[in-house]
Amino acid sequence: MRLRPLVMAAAVTTALVVTPASAAPAGRVLGYVANNGGGVSVIDTATNAVSTTIADSNGNSPYMAAVAFDGTRGYVTNSVQNTLTVIDTPTNTVDKSIPVGTHPAGVAVAPGGGFVYVTNYLDGTVSVVDTATLTVTATVTVGSNADGVVVTKDGSAVYVTHDLPGPGKVSVIDTTANTVVATIAVGNAATAIAASADGTRMYVVNKGSDSVSAIDVASRTVVGTASVGFTPHGIALTPNGTRAYVTNSEFDSVSVVDLTTMTELQKIFVGDRPISVALTPDGASAYVTNFDSNTVSIIDTASNTVTGTIAVGQRPVGIAINFVPPAASKLVSGSAQLQLRLLGFTVRSLDATLTDKHTGVPIAGQQVVFRTVKGNPLCTATTNSSGKATCDAQVSLLVGLSTLLQGFTASYAGNNEHGAASSHGHITLL
């Protein structure tokens, strides 16, 4: 799909949302906003502030963002560089840039995260990326202006929209053979596409018809159409499958659609030229990218009112929201020295260094607890700018010399950003 001719690249994305396994897991719910002007803005939905901006491996015109099924990788298509940028989401660092087709647009991740499918708008193809090797293993010809893409719940098929003037279509790819096995007629200039949580429906945004088509996955036929606002672009579905939120780019609004009756319930006015929309895993909030406002609008889905606005990068386009687990931490312990005293022991220079396991970057300002191998408390220290925690301990005779000479255990409890870690260190007599 393309925006109006005044821009070089445009985007529509559906949010690939992963629901955490427990009610209150360690980790964060993050929003990834691909800015057409460059970079990916990362929104912490707990604070509704941009926590970091990811440089997209020299991709100065990212098109849309999607987050992998397991929440540990993000994928951004760069329409000028013809690449797919791979982001490690726990650390929000770029891992790799993968060459794909010409003018990549849409991106979707298969259930289980084994493959990523990228639509190449100008080539009329879909690149199949193996996430184990991060290489393109197949290229599927689908037809002109390949745009939106989504994978069925069982992973057996990929649905691709075509942003064509006049009557639109959706191509269906069999993922075993990587060939097109069906074509479904929809409205004019089909762009974004979203799958229902139960896997029975696909919903296609028809930019040229100002409508949304509902496709029955079993029969591969259109079973309903809903009218929305002027020049719709993006779509996101509530987790319970009852409503869709559709951006109307030329009406500065979001249509709320009842998916049972396929009728528009209301319009919510947002920023200038809304493009994409994504919902949080609990469905409580919708986040909308406003291309000409350089902002993201936050909609409370209970009241369907805008409750906040976040400044992001230039010309925000795609957005995806995902639960992201803590990054793995690494704790390395050193050696301490044991000094005998009249009524006990002094253990000097207990130390451990805490770093991010993926990047090797020191983690500062975190508490490290030191104990004997039998669990007797020694001391607690906070990591410095180099990630190192150091302290001395005064120990009772009751602990015993033999216990102390077995060494010590350093442990870090972890938080929402970094996981727990522990290690063993040595204690030697002075």
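The shown structure was predicted, so the numbers you read here are calculated from the model rather than taken from an experiment. (Residues numbered from 1 in each chain as written. Predicted model: local features only at pLDDT ≥ 70, side-chain atom pairs only at ≥ 80, totals over all residues. Heavy atoms only, no water.)

**Description of the packing of aromatic side chains**
Scanning the model with the defined rule gives two aromatic pairs in all. Relative to phenylalanine 269, the ring of phenylalanine 251 lies with its centre 5.8 Å away and its plane at 40°, an arrangement referred to as tilted. Here phenylalanine 269 lies in strand 23 (residues 263-269) and phenylalanine 251 lies in the loop between strand 21 (243-248) and strand 22 (253-258), a separation of 18 residues in the sequence. (Phe/Tyr/Trp six-rings, centres within 6.5 Å; stacked < 30°, edge-to-face > 60°. Helix = DSSP H or I, 4+ residues; strand = E, 2+ residues; numbered from the N terminus.)

**Quick look at the sheet that holds strand 22**
Pairing is antiparallel in the open sheet, where four strands are placed in the order 20-21-22-23. The open sheet has two edge strands with one neighbour each: strand 20 (232-237) and strand 23. In this sheet, neighbouring strand axes are inclined to one another by 25° on average, regardless of whether the strands run parallel or antiparallel. (Pairing = 2+ DSSP bridges. Axes fitted to C-alpha atoms, helices over the stretch in contact; angles between N-to-C directions.)

**Things to note about the sheet that holds strand 8 (residues 104-109)**
Pairing within the open sheet is antiparallel, and its four strands lie in the order 8-9-10-11. Looking at strand neighbours, the two that pair on one side only are strand 8 and strand 11 (135-141), the edges of this open sheet. Ignoring strand direction, the axes of neighbouring strands in this sheet form an average angle of 25°.

**Structural notes on the state of the cysteines**
The full count for this structure, using the stated rule, is one disulfide. Between the sulfur atoms of cysteine 379 and its disulfide partner cysteine 391 the distance amounts to 2.0 Å. Every disulfide takes its handedness from the sign of the S-S torsion; for cysteine 379 and cysteine 391 that torsion is 65°, giving right-handed. Linking cysteine 379 in strand 33 (residues 377-382) with cysteine 391 in strand 34 (residues 388-396), this pair joins segments that are 12 residues apart in sequence. For the pair formed by cysteine 379 and cysteine 391, the shared burial category is buried. (Disulfide = S-S within 2.5 Å. Buried < 20%, exposed > 50% of the residue type's maximum accessible area, 1.4 Å probe, protein only.)

**Remarks on a nonpolar patch on the surface**
On the surface, a nonpolar cluster with roughly 350 Å² of combined accessible area is contributed by Leu340, Leu401, Leu405 and Leu429. Looking at the secondary structure, you find leucine 429 in strand 36 (residues 421-429). (Patch = residues over 30% accessible without salt bridge, like charges linked within 9 Å, V, L, I, M, F, W, Y side chains within 5 Å. Areas by Shrake-Rupley, 256 points an atom, 1.4 Å probe, with all protein chains shown as cover. Salt bridge = Lys/Arg side-chain N within 4 Å of Asp/Glu carboxyl O.)

**Here's the deal with the confidence of the model for the protein**
With 92% of its residues at a pLDDT of 70 or more, the protein shows a mean pLDDT of 91. Taken as a whole, residues 1-24 scores under 50 in pLDDT and shows 89 contacts with residues more than four places along the chain or in a different chain. (pLDDT = per-residue confidence, 0-100. Contact = heavy atoms within 4.5 Å.)

**Topic: the UniProt feature "domain: YNCE-like beta-propeller" (unreviewed entry) in the protein**
UniProt feature "domain: YNCE-like beta-propeller" (unreviewed entry): in the numbering of this structure it lies at residues 244-310. Across residues 244-310, helical content stands at 0% and strand content at 63%; the span's end C-alpha atoms are separated by 22 Å. (UniProt positions renumbered as here; feature names shortened; annotations may be inferred.)

**So, the domain arrangement of the protein**
In terms of domain boundaries, the protein breaks down into domain 1 (28-324) and domain 2 (327-429). The C-alpha centroid of domain 2 is placed 46 Å from the C-alpha centroid of domain 1. Each partner contributes residues to the interface: domain 1 has six residues there, and domain 2 has six residues. Here domain 1 and domain 2 share an interface that buries about 470 Å² over both sides, 60% of which is from carbon and sulfur atoms. Among the residues of domain 1 in contact with domain 2, Arg28, Pro90 and Thr91 are the three that bury the most area, contributing 72% of the side total. Connecting domain 1 to domain 2 are zero salt bridges. Scanning the region where domain 1 abuts domain 2 turns up one residue pair in polar contact (both at pLDDT 80 or more). Residues of the side of domain 1 that touches domain 2, tallied by class, amount to one nonpolar, two polar and three charged. (Domains from an automatic or database assignment. Buried area = accessible area lost by both parts, 1.4 Å probe. Polar contact = N/O pair within 3.5 Å; in protein donor to acceptor, adjacent residues only side chain to side chain. Nonpolar A, V, L, I, M, F, W, Y, C, P; charged D, E, K, R; others polar.)

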